[in-house]
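What follows is each chain in one-letter form.
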Amino acid sequence: MQKHLLLWAALLLLAFFPAHAQRPAADTTFRRHFVGSSAFMLFNMLPENNPPAFVQLNYGYWLTRKDVLSVEAITWQYRFPLGIPWGSSFEAEAEKYPGKVKSLGLGLAYQRYFWRGWYGATHALALWQRYYVPEKAKPQSGFQLFMTLRTGYHVRLFRDRFFVEPSVAATHWPINTNVPTEFARLENKWSNYFLFEPGLHFGMKF
């Protein structure tokens, strides 16, 4: 867990430095489109027992100068209940699933700018879940609705061609169907939400 927190802290610091070093460029060109992703993919490179195999691709469109709508394609895997809060139980061996969950989904996000670069966003992600247990040849499938409330800051870079967005989020999964008994036993110990999840998105406008 300490490695996770240290990496997130370093990424957030790097993201905030340009905001103080460079004022936003004059808004002479309003680029409505962007493609982007999440720095969470860097955790794929950590030498540990729980690599997330995380991949994310976003496409977004500025409806107005303050309203953004985007589509998110995401896949990842995990071996612990998502509701375990920060602390001693987070990724503790006793909380580990008897296998792993692989998720693949498509989502929609709405982002609203309030003041300068500060924004709020809501995300709804529909995920197809596959539960893998080594002793079972065929994985079990389920569905999860993964909701996110996020607030952060949009940092313009290189004449507003690129951007980074450090943020913090609260996540909630109100629908989680067909969970195998071995996984549900651990899931039921924890809430179906997670608070104070750090984020760092980046992208290119065109």
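Rules of the game
Residues numbered from 1 in each chain as written. Predicted model: local features only at pLDDT ≥ 70, side-chain atom pairs only at ≥ 80, totals over all residues. Heavy atoms only, no water. Helix = DSSP H or I, 4+ residues; strand = E, 2+ residues; numbered from the N terminus. Buried < 20%, exposed > 50% of the residue type's maximum accessible area, 1.4 Å probe, protein only. Contact = heavy atoms within 4.5 Å. Areas by Shrake-Rupley, 256 points an atom, 1.4 Å probe, with all protein chains shown as cover. Core = buried A, V, L, I, M, F, W, Y, C linked by side-chain atoms within 4.5 Å. Patch = residues over 30% accessible without salt bridge, like charges linked within 9 Å, V, L, I, M, F, W, Y side chains within 5 Å. Salt bridge = Lys/Arg side-chain N within 4 Å of Asp/Glu carboxyl O. Phe/Tyr/Trp six-rings, centres within 6.5 Å; stacked < 30°, edge-to-face > 60°. Pairing = 2+ DSSP bridges.

A.B. asks: How should the overall build of the protein chain be read in this particular structure?
C.D. replies: When you go through the protein chain residue by residue, the secondary structure sums to 2 helices and 9 strands. Looking at the protein chain residue by residue over its 206 residues, the buried ones come to 41%. Taking contacts inside the protein chain between residues at least 6 apart in sequence as the whole, the part at least 24 apart equals 66%. Of the roughly 11,400 Å² that the protein chain leaves accessible, carbon and sulfur atoms contribute 65%.

A.B. asks: I would appreciate a short explanation of the nonpolar core in the present structure.
C.D. replies: In a soluble, globular protein the nonpolar side chains are often hidden away together inside. Counting 19 residues, the largest nonpolar core has Trp76, Tyr78, Leu82, Tyr97, Val101, Phe146 and Phe183 as its most contacted members. Those elements giving two or more residues to this core turn out to be strand S3 (67–78), strand S5 (118–132) and helix H2 (181–187). Counting residues in hydrophobic clusters, the runner-up holds 7 residues, among them Phe34, Val68, Tyr119 and Ala121.

A.B. asks: Quick question: what am I supposed to make of a nonpolar patch on the surface here?
C.D. replies: Nonpolar side chains collect at one region of the surface, where Val35, Tyr59, Phe158, Phe162, Met204 and Phe206 lie side by side and expose about 560 Å² of accessible area between them. Among the residues examined, tyrosine 59 registers a relative accessible area of 36% and is labelled partly exposed.

A.B. asks: Can you walk me through unusual backbone geometry in this structure?
C.D. replies: Phi is mostly negative for residues that are not glycine, and the peptide bonds are mostly trans. For arginine 159, which is not a glycine, the phi torsion comes out positive at approximately 55 degrees. Assignment of secondary structure puts arginine 159 in the loop between strand S7 (155–157) and strand S8 (162–176). Take arginine 159: its relative accessible area is 71%, and that puts it in the exposed class. If you check the backbone angles, asparagine 178 has positive phi at about 55 degrees while not being a glycine. Within the secondary structure layout, asparagine 178 lies in the loop between S8 and H2.

A.B. asks: Just checking my understanding: could you explain the packing of aromatic side chains for this structure?
C.D. replies: A ring pair, where both rings are aromatic, is described by two values, the distance of the centres and the angle of the planes. This model, assessed by the stated rule, comprises 17 aromatic pairs. Judged by centre distance (5.5 Å) and plane angle (70 degrees), the rings of phenylalanine 34 and tryptophan 62 are edge-to-face. With phenylalanine 34 in strand S1 (residues 33–38) and tryptophan 62 in strand S2 (residues 55–62), the pair connects residues that are 28 residues apart, well separated along the chain. Each member of the pair phenylalanine 34 and tryptophan 62 is classed as buried.

A.B. asks: Mind showing me how you'd approach the environment of serine 167 here?
C.D. replies: Within the secondary structure layout, serine 167 lies in strand S8. Along the chain, serine 167 and leucine 200 lie 33 residues apart, while their C-alpha atoms are 6.1 Å from each other.

A.B. asks: Is there a simple way to explain the pairing of strand S9 (residues 193–205) in this structure?
C.D. replies: The side chains of a regular strand alternate, first on one face of the sheet and then on the other. Where S1 lies against S9, 5 bridges are found, and the strand directions are antiparallel. Counterpart to serine 37 in the pairing with S9 is phenylalanine 202. Strand direction decides the pairing type here: S8 and S9, joined by 10 bridges, are antiparallel. Across the sheet, the residue bridging to phenylalanine 163 is glycine 203, located in S9.

A.B. asks: Explain the environment of lysine 102 to me, please; I cannot follow it from the model alone.
C.D. replies: Along the chain, lysine 102 falls in strand S4 (residues 100–115). The class for lysine 102 is partly exposed, based on a relative accessible area of 35%. C-alpha separation for the pair lysine 102 and glutamine 129, spaced 27 residues apart in sequence, amounts to 5.7 Å. Discounting residues that sit within four places of it in the chain, lysine 102 has contacts with Trp76, Gln77, Trp128, Gln129, Arg130 and Tyr132.

A.B. asks: For this particular structure, what's the right way to read the pattern of salt bridges?
C.D. replies: Pairing is possible between side chains that carry opposite charge, provided their charged atoms lie close to one another. For the coordinates displayed, the defined rule picks out 5 salt bridges. Linking arginine 112 and aspartate 67 is a salt bridge whose minimum nitrogen-to-oxygen distance equals 2.8 Å. With arginine 112 in strand S4 and aspartate 67 in strand S3, this residue pair connects regions lying 45 residues apart in the sequence. For arginine 112, a relative accessible area of 31% corresponds to the partly exposed category. With a shortest N-O distance of 3.8 Å, aspartate 160 and arginine 156 are connected by a salt bridge. Within this structure, Arg156, Asp160 and Lys205 form a network of salt bridges that share partners.

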